[in-house]
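Examining the three-dimensional arrangement
Listed below are the residues making up each chain.
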Amino acid sequence: MIFEKVREALAKQFEIDPETINMSTDIIEDLGADSLDVVELIMSLEEDYNISISDEDAAELTSVGKIVDYLERLG
């Protein structure tokens, strides 16, 4: 499932328990991501899913749910 893969990637990147991440988790507010963290996350998603995410799309990917929905639409 896409959610589990995204959750594991975020847990690893932010060194937190994956159980604390859900679909409504906000990348910046809840995980404390800064702009560099967001860039690293986008690059990781692009590599994992062999896709290219535009800057406009990346700006919209602010929560786990939005990331999962975006990846599902591409799939």
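Up top is the structure these notes are about.
This report concerns the structure included in the present document. All values derive from a computational prediction rather than experimental measurement. (Residues numbered from 1 in each chain as written. Predicted model: local features only at pLDDT ≥ 70, side-chain atom pairs only at ≥ 80, totals over all residues. Heavy atoms only, no water.)

Within the protein chain, the secondary structure is distributed over four helices and zero strands. Relative to the compact-globule value of 11 Å for 75 residues, the protein chain shows a C-alpha radius of gyration of 11 Å, a close match. Overall, the protein chain is about 25 × 25 × 20 Å in size when its C-alpha atoms are taken along their principal axes. Within the protein chain, contacts between residues separated by at least 24 positions form 46% of all contacts whose residues are at least 6 apart in sequence. Only carbon and sulfur atoms are counted for the fraction: they give 48% of the accessible area of the protein chain, which is about 4,800 Å². (Helix = DSSP H or I, 4+ residues; strand = E, 2+ residues; numbered from the N terminus. Rg over C-alpha atoms; globule rule 2.2 N^0.38 Å. Contact = heavy atoms within 4.5 Å. Areas by Shrake-Rupley, 256 points an atom, 1.4 Å probe, with all protein chains shown as cover.)

Along helix α4 (residues 64–74), the residues that are buried comprise Val64, Gly65, Ile67, Val68, Tyr70 and Leu71. Buried positions along α4 lie against α1 (2–14), α2 (35–49) and α3 (55–60). (Buried < 20%, exposed > 50% of the residue type's maximum accessible area, 1.4 Å probe, protein only.)

Further remarks concern the nonpolar core. Val6, Leu10, Ile27, Leu45, Ile53, Val64 and Ile67 are the most contacted members of the largest nonpolar core, which has 20 residues in total. Sorting the residues of this core by element identifies α1, α2 and α4 as the ones contributing at least two each. Among residues more than four places away in sequence, those in contact with Ile53 are Ile42, Leu45, Glu46, Ala58, Leu61 and Tyr70. (Core = buried A, V, L, I, M, F, W, Y, C linked by side-chain atoms within 4.5 Å.)

Okay, a nonpolar patch on the surface next. A surface patch of nonpolar side chains, amounting to about 290 Å² of accessible area, comprises Leu36, Val39 and Met43. Structurally, Leu36 can be placed in helix α2. (Patch = residues over 30% accessible without salt bridge, like charges linked within 9 Å, V, L, I, M, F, W, Y side chains within 5 Å. Salt bridge = Lys/Arg side-chain N within 4 Å of Asp/Glu carboxyl O.)

Turning our attention to α2. Counted at 1.5 Å a residue, the expected span for α2 with its 15 residues is 21 Å, and the 21 Å between its end C-alpha atoms agrees. Buried within α2 we find Asp37, Leu41, Ile42 and Leu45. In an axial view of α2, the angular spread of the buried residues amounts to 135°, which keeps them on one side of the axis. Away from its buried face by more than 90 degrees, α2 exposes Ser35, Leu36 and Glu47. Taken together, the buried residues of α2 touch α1, α3 and α4. Between the side-chain oxygen at the start of α2 and the backbone nitrogen of Leu36 there is a gap of 3.1 Å, and the oxygen is on Asp34. Residue Asn50 follows α2 closely and has a positive phi angle near 50°. (Expected span 1.5 Å × (residues − 1). Arc of directions from axis to C-beta. Polar contact = N/O pair within 3.5 Å; in protein donor to acceptor, adjacent residues only side chain to side chain.)

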